[in-house]
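Here is what each chain is made of, one letter per residue.
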Amino acid sequence: MAELNQDAVLQFVDVTVRRGSKVLLDSINWTVEEDERWAVLGPNGAGKTTLLQLAAANLHPTSGDAYVFGQRLGSVDVFELRPRIGLSSAALAQRIPAGEQVIDLVVSAGYSVLGRWREAYGRLDVRRAARLLERLGVAGMDERTYGTLSEGERKRVQIARALMTDPELLLLDEPAAGMDLGGREDLLRRLTRLAADPGAPASVLVTHHVEELPPGISHVLLLREGAVVAAGLARDVLTAESLSATFGLSLRIERRDGRWYARAV
Ligand SMILES: Nc1ncnc2c1ncn2[C@@H]1O[C@H](COP(=O)(O)OP(=O)(O)OP(=O)(O)O)[C@@H](O)[C@H]1O
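Values in this document were obtained by computation on a predicted structure and should not be read as measured data.

The rules we used
- Residues numbered from 1 in each chain as written.
- Predicted model: local features only at pLDDT ≥ 70, side-chain atom pairs only at ≥ 80, totals over all residues.
- Helix = DSSP H or I, 4+ residues; strand = E, 2+ residues; numbered from the N terminus.
- Buried ≥ 20, exposed ≤ 12 C-beta atoms within 10 Å, placed from the backbone.
- Contact = placed C-beta atoms within 7 Å.
- Core = buried A, V, L, I, M, F, W, Y, C linked by C-beta atoms within 7 Å.
- Near = placed C-beta within 6 Å.
- Nonpolar A, V, L, I, M, F, W, Y, C, P; charged D, E, K, R; others polar.
- Pairing = 2+ DSSP bridges.
- Axes fitted to C-alpha atoms, helices over the stretch in contact; angles between N-to-C directions.
- Parallel < 35°, antiparallel > 145°, perpendicular 65-115°, else oblique.
- Left-handed = near helix turned anticlockwise from the far one by under 90°.

On to the overall build of the chain. Counting its secondary structure elements, the chain contains nine helices and twelve strands. Within the chain, buried positions represent 39% of all 265 residues. Long-range contacts, defined here as pairs at least 24 residues apart, represent 60% of the contacts in the chain between residues at least 6 apart.

Listed below in structure tokens is the structure:
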């Protein structure tokens, strides 16, 4: 059994998640340390979102132990953990009302609610939210309603919201999905810049595509059918062999200027 690491941001020990007879995650052992930037890669249905929901303290394991900031899920008040975690996910996005103003959506993350719930936020909060929107490339959209944004703009606003509380752990579920090529490249540049900040939080980014990995990614976990194929340093894990095993087809992979590219052979 893995030794307990009290300093780890996340530690999963033999974590299994079952729904009925289906095993969503199968005996996962995984540790994320403070200075690490992880990517979780795998095909549709591999269990990536389920893994992220555990990391976000939104789900408990069926068996095994999941520790977030050294505290075991099931024996800690998750409402104390959640403000320390920034999450951008499709599930959260679906709950955002179309009429919600962008600035309210970002500021309200500090209050752990979706959207405006009281009239006066602090001026500093509003300024921080506007700065984050600018950093994500959606400056000047503060007063727009969420429903009027393009898919790419929505993704950026969600990430700004996830960063609002200055989290110790940032979880991004498919941040570049639905973006056009220019948007994806711009977002990756911005995520790389964010990750390079010395005060940047530990992070876990979920994606289907190695092309969507920002150069700052240090570690990779490959997931297939709820089980870990490989996990560790990106350069050790992202091999043709392990990527092919993950996606179930013969792949070639190369790295150029810090970016990864894969294609079938
Ligand atoms: N409540 C549930 N009951 C039964 N099966 C479930 C339940 N929730 C999820 N699943 C199944 O668990 C598997 C893993 O789901 P998950 O959303 O974690 O995968 P994923 O890797 O994020 O997939 P995608 O890339 O398509 O988003 C899928 O096959 C899904 O259908």
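As a further point, take the nonpolar core. Grouped together as the largest cluster of nonpolar side chains are 67 residues, with contacts concentrated most on Val40, Ala55, Val106, Leu133, Ala160 and Leu171. Excluding residues within four positions of it along the chain, Val40 makes contact with Lys48, Leu51, Val204, Val206, Leu221 and Leu223.

The next point concerns helix α1 (residues 48-55). The buried fraction of α1 is high, at six of eight residues. Along α1, the residues classified as buried are Lys48, Thr50, Leu51, Leu52, Leu54 and Ala55.

This part is about the site of the ligand. Inspection of the region around the ligand gives 13 residues, with Arg19, Asn44, Gly45, Thr49 and Thr50 positioned closest. Listing elements by their share of the shell around the ligand, those giving two or more residues are β2 (22-32) and α1. By residue number, the principal contributor to the shell around the ligand is α1, which donates three residues. Grouping the amino acids of the shell around the ligand by side-chain chemistry returns two nonpolar, eight polar and three charged.

Bringing the sheet that holds strand β10 (residues 227-233) into the picture now. One open sheet holds the six strands; their spatial order is β6-β7-β8-β3-β9-β10, and the pairing between them is mixed. On the outer flanks of this sheet lie β6 (85-88) and β10, each paired with one strand and no other. Taken pair by pair, the neighbouring strands of this sheet meet at an average axis angle of 15°, ignoring direction. Note: β6 against strand β7 (residues 169-173), four bridges, orientation parallel. Following the sheet pairing, Ile85 is matched in β7 by Leu169. Contacts from helix α6 (residues 151-163) reach β6 and β7 within the one sheet, and its direction differs from that of β6 by about 170°. The sheet contacts of helix α9 (residues 240-247) involve β3 (37-41), β9 (219-224) and β10, and relative to β10 the element is tilted by about 150°.

The packing of two helices is summarised by the inter-axis angle and the distance between the axes. Where helix α5 (residues 123-135) contacts α6, the axes come no closer than 9 Å and their chain directions differ by 135°. The orientation of α5 with respect to α6, classified from their angle, is oblique. In this structure, the crossing between α5 and α6 has a hand that is right-handed. Mapping the contact onto sequence places Ala129, Leu132 and Leu133 in α5 and Val157, Ala160 and Leu163 in α6.

In this section: the environment of Val17. One can find Val17 in strand β1 (residues 10-19). Separated by 38 residues in the primary sequence, Val17 and Ala55 have C-alpha atoms spaced 13 Å apart. Non-local contacts of Val17, meaning those with residues more than four positions away in its chain, are made with Leu24, Leu25, Thr50, Leu59, Pro61 and Thr62.

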